[in-house]
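# Geometric and topological summary
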Amino acid sequence: MSSPNLPGDDAYWQRPDPAAESLGRPEPVPAAEPISYSGPPRAEPPPADWRPPTIAHPPPPRRLPAQDDDSLDEAEGSARTFTYGVGLIAGAISLVVVCLLCSRLVF
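Everything numeric here is computed off the predicted structure, so don't read it as measured data.

This paragraph deals with the overall build of the protein chain. Each helix and strand counted, the protein chain has one helix and zero strands in total. Evaluated residue by residue, the protein chain yields a buried proportion of 0% over its 107 residues.

Laid out in structure tokens, this is it:
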């Protein structure tokens, strides 16, 4: 789309004169009255006996057995050793596979 050739560089982009005719604008709507909000409706208080009767009283929770910290530390240490061993074996296998693949490319 090309701009029309009008005198002056900014004549095409200037706002129209507000005193001009309606220019197809709708008539302004008169300001409406502010609506007053009276808040939420009041709630009726519940009756005094609205809760159901309690029939069963559950027993208090049992005590947990004491933890043996020494055996937990020993189990954690052996689990760590096993995890490191599996990681070392997996790393060694992957290193051998990479070496085999690289040797096939070179030779």
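The next subject is the pattern of salt bridges. Applying the stated criterion across every chain, the model contains one salt bridge. The closest approach of N and O atoms between Arg 80 and Glu 76, which form a salt bridge, is 3.5 Å. Highlighted residues: Arg 80 and Glu 76, both in helix α1 (residues 69-106), separated by four residues, approximately one helical turn.

So, on to a negative patch on the surface. A surface patch of negative charge is lined by Asp 68, Asp 69, Asp 70, Asp 73 and Glu 74. Assignment of secondary structure puts Glu 74 in helix α1.

With that settled, consider the state of the cysteines. In the structure shown here, the tally under the stated rule is zero disulfides. Note on Cys 99: no disulfide assigned, nearest cysteine sulfur contributed by Cys 102 at a separation of 6.7 Å. By relative accessible area, Cys 99 is classed as partly exposed at 47%.

Rules and cut-offs
Residues numbered from 1 in each chain as written. Predicted model: local features only at pLDDT ≥ 70, side-chain atom pairs only at ≥ 80, totals over all residues. Heavy atoms only, no water. Helix = DSSP H or I, 4+ residues; strand = E, 2+ residues; numbered from the N terminus. Buried < 20%, exposed > 50% of the residue type's maximum accessible area, 1.4 Å probe, protein only. Salt bridge = Lys/Arg side-chain N within 4 Å of Asp/Glu carboxyl O. Patch = residues over 30% accessible without salt bridge, like charges linked within 9 Å, V, L, I, M, F, W, Y side chains within 5 Å. Areas by Shrake-Rupley, 256 points an atom, 1.4 Å probe, with all protein chains shown as cover. Lys, Arg positive; Asp, Glu negative; His and termini not counted. Charge placed at Lys NZ, Arg CZ, Asp CG, Glu CD. Disulfide = S-S within 2.5 Å.

Nothing here speaks to function; it is all geometry.
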